[in-house]
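A structural walkthrough
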Amino acid sequence: MKFSIAATSMLLAVAVNSAAAFAPHHPSAFGIKSAHVSVSNSKRIVHNKALFVLNEDAIDTATALDTSSKISIEESAGRVTPPPRDLNAARESTASYLSKYKGLSGAGIVYSKLVENGVNVVNGYSGGAVLPLLDQFHENHPRHGGEDPAIRWITNSNENSAGHIAEGYAKSAPKLADGRQPAGVVVATSGPGVTNLITPLQDAICDGAGMVVLCGQAATTAPSDAFQAAPAVDLTRPCTKWSYKIKNAAELPYVMDYAFFIARNGRPGPVFVDLPKDLQNQVLDEDLIDAYSAGIAIKGDEGAKDYDGVARFMPRHSGANGDDGPTDHVLHLGLPDKGLLFSMDGDNSKIEPITNGIDLSDDEVAFALDHNPANIVYNRDPDTAVQTEDELAVGSKLVGKMYNLLKKAKRPLIVAGQGTNDCPDELKHFAKSMGIPVATTLHALGAFDERDELALNMVGMHGHATPNFMTQEADLVICVGSRFDDR
């Protein structure tokens, strides 16, 4: 039984919710004795995330699984719901949003978006192609008005060091207000500045560490063999979740919004943004805003085939089969064939991910589901290719199957992966309630107290012998927040 990182916290909450119903069946899994922890009727698990709040209703140990209790999903407060927008209104919303940054250079927009996304420290190394952006961090820059800069700049010994430090920061820094780890941010120059970052980028995508890497590039007017010009996007594409070269300063607000969303949501990972030097100096004015807003293509239109900008408008249709035509236009950000949908809130002050009614191709739907956690679990039969879905909630068929497996198991084992770093309390409650021993992967060390009597330490090729032996002997392995690997 295996679940993605996105479903980990909700899975554990549901399992704990159901724990009292079957905990007596595992008073001593693998012979390890553990006192049963009762589930309080008044217990309420509140996740520090804007997306949902889980309500935990007790299940009496003497009764069967309660089929009436459900998980409620409470939408985040404070958002102004936008009205449906026709194409002209959608373009006007874009212009209104970009107007927040009017008068700023491309470099100034990047710095402003870093602040908006909660960045307070940036690691990097200087170079000629990135000097306009570096100027924004200096304490004497006019934007700071004589105050200390909002972001601390740290010059590292080289770009490689900057990348690995940002990677470590992304893993260990305190969580932001939305309950997620911040993204580590790196700023470097073109050419060798980019190539020196390939190793930390590859390490970050393997380890699931959120990073936003910003590198200078030769000006768009420079010849292809200009000083330190390099195909940075092509070099970084295999080792990032998204790699993009900006086309003008007007699209930078969307580029930075999408970069941070992709880096920190779904399975975290690195994102690369290529910044030509002349576009760092380009000032966002009314003409540029109007031209950009008017030129955004419509996804699926014939004219959009040659459009490679970061943003497209996506029409949403009404009627049983969409016969009534488009009634709304939302933003499609990312690659043309692999992006996510966003909407402007009612006052055009920020964009919000769209998590329901996704009108995308099958591949894009899978990509969207990875980045927007929900309480629906999808399963595809490997033999028939038939896809089914069920709600991860008390009383659902899916949880019923989980309950039956746990009820029958004589030697259950929990393998806790990196995803459980986001929910150590739920993991502990889950394991202690049912007396199931816990083995942790390398990246989950610390998610479960290694001094606990149920702790087995690290599993895997370089792990302890005990968890490896017990994994082989287990009749049910519950893998949470991890993937199965050869190590």
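Numbering of residues begins from 1 in every chain and follows the order in which that chain's sequence is written. Whole-chain, interface and lining totals are the exception, using all residues; otherwise, since this is a predicted model, local features are given only for residues with pLDDT of at least 70 and side-chain atom pairs are given and counted only at 80 or more. By convention in this description, side-chain values take in all heavy atoms of the structure and omit both hydrogens and water.

What follows deals with unusual backbone geometry. The backbone of Ala385 sits at a positive phi, close to 65 degrees, despite the residue not being glycine. Strands are runs of DSSP state E lasting at least 2 residues, helices are runs of H or I lasting at least 4, and numbering of each runs from the N terminus. Position of Ala385 relative to the elements: it lies in the loop between strand E12 (376–380) and strand E13 (387–391).

Attention now moves to the pattern of salt bridges. In what follows, salt bridge is the name for a side-chain nitrogen of Lys or Arg lying within 4 Å of a carboxyl oxygen of Asp or Glu. In total, this model carries 13 salt bridges according to the counting rule given. Close ionic contact of Lys113 with Asp257 constitutes a salt bridge, the shortest N to O distance being 2.8 Å. With a gap of 144 residues between them, Lys113 in helix H3 (residues 106–116) and Asp257 in helix H9 (residues 252–264) connect regions that are remote in the sequence. Here the two residues Lys113 and Asp257 agree in accessibility, since each one is buried. Among the ionic pairs, Glu352 bridges to Lys350, the shortest N-O distance being 3.3 Å. Type-normalised accessible area, obtained with a 1.4 Å probe on protein chains alone, sets the label of each residue: buried when under 20%, exposed when over 50%, and partly exposed for intermediate values. Look at Glu352 and you get buried, because its relative accessible area is 16%.

Okay, the environment of Ala263 next. Turning to its location among the elements, Ala263 is positioned in helix H9. Judged by its relative accessible area of 0%, Ala263 is buried. For the pair Ala263 and Pro182, spaced 81 residues apart in the sequence, the C-alpha separation amounts to 9.1 Å. Note on contacts: a residue pair is in contact if any heavy atoms of the two residues lie within 4.5 Å. With sequence-adjacent residues up to four places away left out, Ala263 is seen in contact with Ala183, Gly210, Met211, Val212, Pro268, Gly269 and Val271.

Let us look at the pairing of E13. A pair of strands is labelled paired if DSSP reports no fewer than 2 bridges between them. Pairing analysis gives 5 bridges linking E12 to E13, with the strands arranged antiparallel. Bridging across to E13, Val377 finds its partner in Asp390. Hairpin geometry of E12 and E13 is characterised by an intervening segment of 6 residues between the two adjacent antiparallel strands and by a positive phi of about 65 degrees at Ala385.

The next thing to look at is the sheet that holds strand E6 (residues 242–245). The 6 strands lie next to each other as E3-E2-E4-E5-E7-E6, forming an open sheet whose pairing is parallel. Edge strands, defined here as strands with exactly one partner in the open sheet, are strand E3 (152–155) and E6. Along the sheet, successive strands turn relative to each other by an average axial angle of 20 degrees, direction set aside. Along the sheet, helix H5 (residues 159–172) makes contact with strand E2 (121–124), strand E4 (184–188) and strand E5 (211–217), crossing E4 at roughly 165 degrees. Geometry is summarised by axes, namely lines fitted to C-alpha atoms with helices restricted to the contacting stretch, and by angles between N-to-C directions that run from 0 to 180 degrees.

What follows covers the packing of aromatic side chains. Two rings from Phe, Tyr or Trp (for Trp, the six-membered ring) form a pair when their centres are within 6.5 Å of each other. A pair whose planes differ by under 30 degrees is stacked, one over 60 is edge-to-face, and the rest are tilted. All chains considered together, the criterion is met by 8 aromatic pairs. Ring geometry for Phe137 and Trp153: centres 5.3 Å apart, planes at 50 degrees, overall tilted. Linking Phe137 in helix H4 (residues 131–137) with Trp153 in strand E3, this pair joins segments that are 16 residues apart in sequence. On the basis of relative accessible area, Phe137 is assigned to the buried category, the value being 5%. Residue classification places Trp153 among the partly exposed positions, given a relative accessible area of 24%. Ring centres 5.2 Å apart and planes at 80 degrees place the aromatic pair Phe261 and Phe342 in the edge-to-face group. Of this pair, Phe261 sits in helix H9 while Phe342 sits in strand E10 (residues 338–344); the two residues are 81 residues apart in sequence, bridging distant segments of the chain. Here Phe261 matches Phe342 in class, with each residue buried. Taken together, the ring pairs connect Trp242, Tyr244, Tyr258, Phe261 and Phe342 into an aromatic cluster.

This next bit is on the nonpolar core. If you look at the biggest cluster of nonpolar residues, it comprises 65 residues, and the most contacted ones within it are Leu114, Leu133, Leu214, Trp242, Tyr254, Tyr292 and Leu331. Discounting residues that sit within four places of it in the chain, Trp242 has contacts with Val255, Tyr258, Ala259, Ile262, Pro270, Val271, Phe272, Val310, Gly334 and Leu335. To define a nonpolar core, start from buried Ala, Val, Leu, Ile, Met, Phe, Trp, Tyr and Cys residues and group those joined through side-chain atoms within 4.5 Å. With 18 residues, the next largest nonpolar core counts Ala416, Met434, Ala455 and Ile478 among its residues.

Following both chains from N to C, one finds H3 and H9 inclined at 35 degrees, their axes separated by 9 Å at the closest point. Crossing handedness for the pair H3 and H9: right-handed. Between H3 and H9, the contacting residues are Gly106, Ile109, Val110, Lys113 and Leu114 on the first element and Leu252, Pro253, Met256, Asp257 and Phe260 on the second. Grouping the constituent residues of the contact of H3 with H9 by class yields 7 nonpolar, 1 polar and 2 charged. Crossings are classed by handedness, with left-handed meaning an anticlockwise turn of the near helix from the far one by less than a right angle and right-handed meaning a clockwise turn. The residue classification treats Ala, Val, Leu, Ile, Met, Phe, Trp, Tyr, Cys and Pro as nonpolar and Asp, Glu, Lys and Arg as charged. All others, Gly included, are polar.

As a further point, take the environment of Leu331. On the secondary structure map, Leu331 appears in strand E9 (residues 326–335). The buried category is assigned to Leu331, whose relative accessible area is 3%. Once you skip the residues sitting within four places of it in the chain, Leu331 turns out to touch Thr94, Tyr254, Ala311, Arg312, Phe313, Leu340, Leu341, Phe342, Met344 and Ile351.

Before going further, it helps to examine H9. Between the first and last residue of a helix there are one fewer steps than residues, each counted as 1.5 Å, and that sum is the expected span. Here H9 is 13 residues long and its end C-alpha atoms lie 18 Å apart, about the 18 Å a rise of 1.5 Å per residue gives. A large share of H9 lies buried, amounting to 13 of its 13 residues.

Time to look at the state of the cysteines. Only a pair of cysteine sulfur atoms within 2.5 Å counts as a disulfide in this structure description. Applying the stated criterion to the full structure yields 0 disulfides. Here Cys239 is not disulfide-linked; the sulfur of Cys206 is the nearest cysteine sulfur, at 9.3 Å.

Its 12 residues place the ends of helix H2 (residues 87–98) 17 Å apart at the C-alpha level, agreeing with the 16 Å of an ideal helix rising 1.5 Å per residue. The set of residues buried in H2 consists of Ala90, Arg91, Ser93, Thr94, Ala95, Tyr97 and Leu98. Pairs of N or O atoms are called polar contacts if they sit within 3.5 Å, as long as, within protein, a hydrogen donor faces a hydrogen acceptor (for residues adjacent in sequence, only side-chain-to-side-chain pairs). For H2, the side-chain oxygen to backbone nitrogen distance between the N-cap and Asn88 is 3.3 Å, and the N-cap itself is Asp86.

A few words now on the pairing of E6. Of the pairings in the sheet, the one linking E6 to strand E7 (residues 270–276) comprises 4 bridges and is parallel in character. In the strand pairing of E7, Lys245 is matched with Asp274. With strands facing away from the observer, any crossover in which the path from the first strand over the helix to the second runs clockwise is taken as right-handed. At this point the chain moves from E6, through H9, to the parallel E7, and the crossover so formed is right-handed.

Moving on to the confidence of the model for the protein. The share of residues in the protein with pLDDT of 70 or more is 80%, and the mean pLDDT across the chain is 82. This model gives residues 18–27 a pLDDT under 50, and the stretch forms 31 contacts once residues within four places in sequence are excluded. On a scale of 0 to 100, pLDDT captures the predictor's confidence in every residue. Segment residues 33–79: pLDDT under 50, and 108 contacts once partners within four positions in sequence are set aside and those in other chains are kept.

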